[in-house]
Amino acid sequence: MTTTPHPASGDEQREHTLRDAVRTDIENVEEPARLLRVSAMARSLLEEAKGVHLEERARERMHRIYEQAIREVAGAVAPELRDELERLRPTPNGETPTEMEIRVMQGQLVGWLEGVFQGIQAGLQLQQAAARQQQLGLHAGRAALPLPDGVRAQGDGNYM
C-alpha cells in the first residue's frame, strides 16, 4: 500500500504565503540605513520649508535636493519600490516648481518613505509572530511524541 502525502492545509499554505510576502517586503529595502538617513533629511527639509517663503533660487535649490533624495532612495531599494517611487515623481516641465509644488513633492516623498518603514516594521512583527507560532508548534509536537518502551518521563522537561 502506497501512501500519498497529504496536501498542505489551508493554514500552512497561508503561513508560507505570508512568509514569502514578508521576506519580499524586507528584501525590497537593500540599504535600510541609507534610506533612514535620506528620510530624516527629507523630513527635516519639509519642516523647514513649511514656514519659509521660498524665492526662486531657494526653490531651485530645494528641487535639486529633492531630485538627489529621489536618486539616493532609488539606490537603496529594490526595482519594485524604485518603479513605485518613479510613478510618484512629477513630470519635469523645465520650470522651477512653485513653493506649493515643492512642499507637495517633499510631502509625498516623506509619506512614501514612512509607508516603506511601516511595511518593514509590520513584516518584522509578522516574522516574529510566525517564529513564535512555529516554536510553540514544535514544543507541542515534542510533548505528543510517544516514549520508547521502558522509558518513563521524569519531571516537567525543564533543565534545572
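Data block above holds the structure.
Within any chain, residue numbers begin from 1 and follow the written order of that chain's sequence. Totals for whole chains, interfaces and linings use every residue, but because this is a predicted model, local features are given only for residues with pLDDT of at least 70 and side-chain atom pairs only at 80 or more, for both listing and counting. With hydrogens and water excluded, all non-hydrogen atoms of the structure serve as input to the side-chain values.

Novice: Give a description of the overall build of the protein that names residues and reports values.
Specialist: Looking only at helices and strands, the protein has 5 helices and 0 strands in total. We count a stretch as a helix when DSSP gives it H or I for four or more residues in a row; a strand needs E for two or more, and each element gets its number in order from the N terminus. Its helices and strands taken in sequence order, the protein reads α-α-α-α-α from the N to the C terminus. Remark: exposure states derive from per-residue accessible area (1.4 Å probe, protein chains only) relative to the maximum for the residue type, with buried under 20%, exposed over 50%, and partly exposed in between. Across the 160 residues of the protein, 26% fall into the buried class. Surface accessibility in these figures is a Shrake-Rupley result with a 1.4 Å probe; residues are shielded only by whichever protein chains are displayed. Carbon and sulfur atoms make up 54% of the accessible area of the protein, which amounts to about 11800 Å² in all.

Novice: Just give me the short version of the nonpolar core, but keep the residues and values in it.
Specialist: Among buried residues, those of type Ala, Val, Leu, Ile, Met, Phe, Trp, Tyr and Cys that are joined through side-chain atoms within 4.5 Å constitute a nonpolar core. Leu-35, Val-73, Leu-109, Trp-112, Leu-113 and Val-116 are the most contacted members of the largest nonpolar core, which totals 27 residues. At the level of elements, α2 (32-50), α3 (56-76), α4 (79-88) and α5 (99-144) are the ones that each hand at least two residues to this core. When residues in this core are grouped by element, the largest group, 9 residues, is from α5. Look past the residues within four positions of Val-116 in its chain and what remains in contact with it is Val-29, Leu-35 and Leu-81. For this analysis, residues touch if any pair of their heavy atoms sits within 4.5 Å.

Novice: I'd like a rundown of the pattern of salt bridges, residues and numbers included.
Specialist: Any two side chains of opposite charge can pair, given that their charged atoms come close. We define a salt bridge as a side-chain nitrogen of Lys or Arg found within 4 Å of a carboxyl oxygen belonging to Asp or Glu. This model, assessed by the stated rule, comprises 4 salt bridges. With its nearest N and O atoms 3.2 Å apart, the salt bridge here joins Arg-43 to Glu-114. With Arg-43 in helix α2 and Glu-114 in helix α5, this residue pair connects regions lying 71 residues apart in the sequence. Here Glu-114 falls in the partly exposed class, since its relative accessible area comes to 32%. The shortest N-O distance in the salt bridge between Glu-99 and Arg-103 comes to 3.2 Å. Here Arg-103 and Glu-99 lie together in helix α5, a separation of 4 residues that amounts to about one turn. Comparing Glu-99 with Arg-103 shows no difference in burial state: the two are buried. Counted as one network, the salt bridges with shared partners bring together Glu-67, Glu-86 and Arg-89.

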